[in-house]
Amino acid sequence: MDSDIPNLLIVGAYREDEVSESHPLAMQIREKEEMGIIITAIKIGNLSLVNVTSLVAEALGMEDNEGAVKNLAATVHRKTDGNAFFVLMFLRSLYDEEVLQYNFGTMRWLWDDDAVEEKLATENVATVLVNKLRRLSSRSQSVVKVASCLGAKFSLSAVTAVTENLSDEAGTLSGAEIEFDDAGDDSISVLDSSILSELEDEGLWERESKNADVRVFGHDKIQSAAFELIPFDRRDSFRGKIGSLLMEKLDEEVLEGLLFEVVSLRNCSMGNITDEDERTELAKMNLRAGMKVSRYS
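Residues numbered from 1 in each chain as written. Predicted model: local features only at pLDDT ≥ 70, side-chain atom pairs only at ≥ 80, totals over all residues. Heavy atoms only, no water.

Re the overall build of the protein chain
Formally: Segments assigned H or I by DSSP are reported as helices when at least four residues long, segments assigned E as strands when at least two residues long, and all are numbered from the N terminus. The rule is simple: take the accessible area with a 1.4 Å probe, protein chains only, and divide by the maximum for that residue type; under 20% is buried, over 50% is exposed, in between is partly exposed. We call two residues in contact whenever any of their non-hydrogen atoms come within 4.5 Å of each other. Areas reported as accessible are Shrake-Rupley estimates using a 1.4 Å probe. Residue values count occlusion only from the protein chains shown.
Looking only at helices and strands, one finds 14 helices and 5 strands in the protein chain. Looking at the 297 residues of the protein chain, the share that counts as buried comes to 36%. When contacts within the protein chain are restricted to residue pairs at least 6 apart in sequence, long-range pairs at least 24 apart make up 63% of them. Counting only carbon and sulfur atoms, one obtains 51% of the accessible surface of the protein chain, whose full area is about 17,800 Å².

Next comes the structure, spelled out in structure tokens:
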């Protein structure tokens, strides 16, 4: 290049329908273009019927030219519009609900096209995900409810700090808000390996490579579905309680790193705080967060 602008390769991925003209990413792209930097956008789009057919055939260990595979793939593609994530979730839901079963006698996967059509015709992806989460153990459901309030990316230490203290208050935070097994000493004190394995094996979240304590939801639809498990009229109070517990239980260094998240959570139940000292404390937390923003702006 003849200009002084370096030749850079920066790779990023985003969903076009969720980035408006006022989105920070869109503004950054315009800024770079005005500087003369060439931006190349590669639109991936959804999977075609051919792609979905190949995916279904490979998943089932069958040939993509088989009539049964073509029929199943056509139904899945029509109901998901070829969205790769939705395709995988639908297929997994068929297996979870035993619509799709492996026959060891014939050594083949079997399904009934009418049953598949009926299921997919009556359930969207959000419903599929919520039903999937409801099939988890009660402990795992409790964990994903808490995690969903912490964001798309969260630390296991923060989830543990919340769940072990919520379990101590099962009388006031049980039932519809958050459920724990009926056994006082058996309540969650740490995220044991069985819970972590269940959630990771189901593809609900994955480990962040740089930090062993951090997990990331596999998709924002999963986070949304987990949040949907919390009754609508209790979501604000639940998030406010999580914020209060994090402020109380986390050490100062960890709390500073989660300051914005904690303040945001506590603000959810601001209207229910009547104690003057608590309201003053929350106001100070908001001021602290605001000052932190100004330092980085």
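Notes on the sheet that holds strand β4 (residues 205–208)
Sheet strands associate in pairs through backbone hydrogen bonding, adopting either a parallel or an antiparallel arrangement. Heads up, the rule is: At least two bridges found by DSSP between two strands are what make those strands a pair. Here, axes are lines fitted to C-alpha atoms. For helices the fit covers the stretch in contact, and angles between N-to-C directions go from 0 to 180 degrees.
With antiparallel pairing, 3 strands are arranged side by side in an open sheet as β3-β5-β4. Here the strands that pair on one side only, and so sit at the sheet edges, are β3 (153–155) and β4. Taking the axes of each pair of neighbouring strands and ignoring which way they run, one obtains an average angle of 35 degrees across the sheet. In this structure, β4 lies alongside strand β5 (residues 211–217), joined through 4 bridges in antiparallel fashion. Of the residues in β5, the one forming a bridge with Glu 206 is Val 216.

Details of helix α4 (residues 84–96)
Filter applied, for reference: The length a helix should cover is 1.5 Å for every residue beyond the first. Whenever a nitrogen or oxygen atom comes within 3.5 Å of another N or O atom, the pair is scored as a polar contact, on the condition that within protein one atom can donate a hydrogen and the other can accept it, and that pairs from neighbouring residues in sequence are kept only if both atoms are in side chains.
Compared with an ideal rise of 1.5 Å per residue, which puts 13 residues at 18 Å, α4 spans 18 Å between its outermost C-alpha atoms and is within 8% of the ideal. Of the positions making up α4, those classed as buried are Phe 85, Phe 86, Val 87, Met 89, Phe 90, Leu 91, Ser 93 and Leu 94. Here α4 starts with a cap whose side-chain oxygen sits 3.0 Å from the backbone nitrogen of Phe 85, and that cap is Asn 83. Looking one or two residues past α4, Glu 98 carries a phi angle of roughly 60 degrees, positive in sign.

As for the confidence of the model for the protein chain
Under the convention used in this document: Residue-level confidence of the predictor is summarised by pLDDT, bounded by 0 at the bottom and 100 at the top.
Chain-level statistics for the protein chain give a pLDDT mean of 81 and a share of 83% at 70 or above. Segment residues 168–190: pLDDT under 50, and 43 contacts once partners within four positions in sequence are set aside and those in other chains are kept.

Notes on the pairing of β5
When β3 meets β5, the two strands line up antiparallel, connected through 3 bridges. Paired with Ser 155 across the two strands is Val 214, which belongs to β5.

Let's talk about the nonpolar core
This is how the line gets drawn: Within this scheme, the nonpolar core is defined by two criteria: the residues are buried Ala, Val, Leu, Ile, Met, Phe, Trp, Tyr or Cys, and they are joined through side-chain atoms within 4.5 Å.
One finds Leu 150, Trp 205, Ile 242 and Leu 246 to be the most contacted residues of the largest nonpolar core, which totals 49 residues. Leu 72, Leu 94, Val 99 and Trp 111 belong to the second-largest nonpolar core, a separate cluster that totals 17 residues.

A word on helix α3 (residues 67–80)
This is how the line gets drawn: Here the arc refers to the set of directions running from the helix axis out to each C-beta atom.
Between its first and last C-alpha atoms α3 spans 20 Å; for 14 residues at 1.5 Å apiece the expected length is 20 Å, and the two agree. Residues of α3 that are buried: Val 69, Leu 72, Ala 73, Thr 75, Val 76 and Thr 80. The arc enclosing the buried residues of α3, seen along the axis, measures out at 160 degrees, which places them on a common side. Phi for Asp 81, located one or two positions after α3, is positive at around 60 degrees.

Comments concerning the environment of Lys 284
Residue position: Lys 284 is located in helix α14 (residues 276–296). Separated by 21 residues in the primary sequence, Lys 284 and Val 263 have C-alpha atoms spaced 10.0 Å apart.

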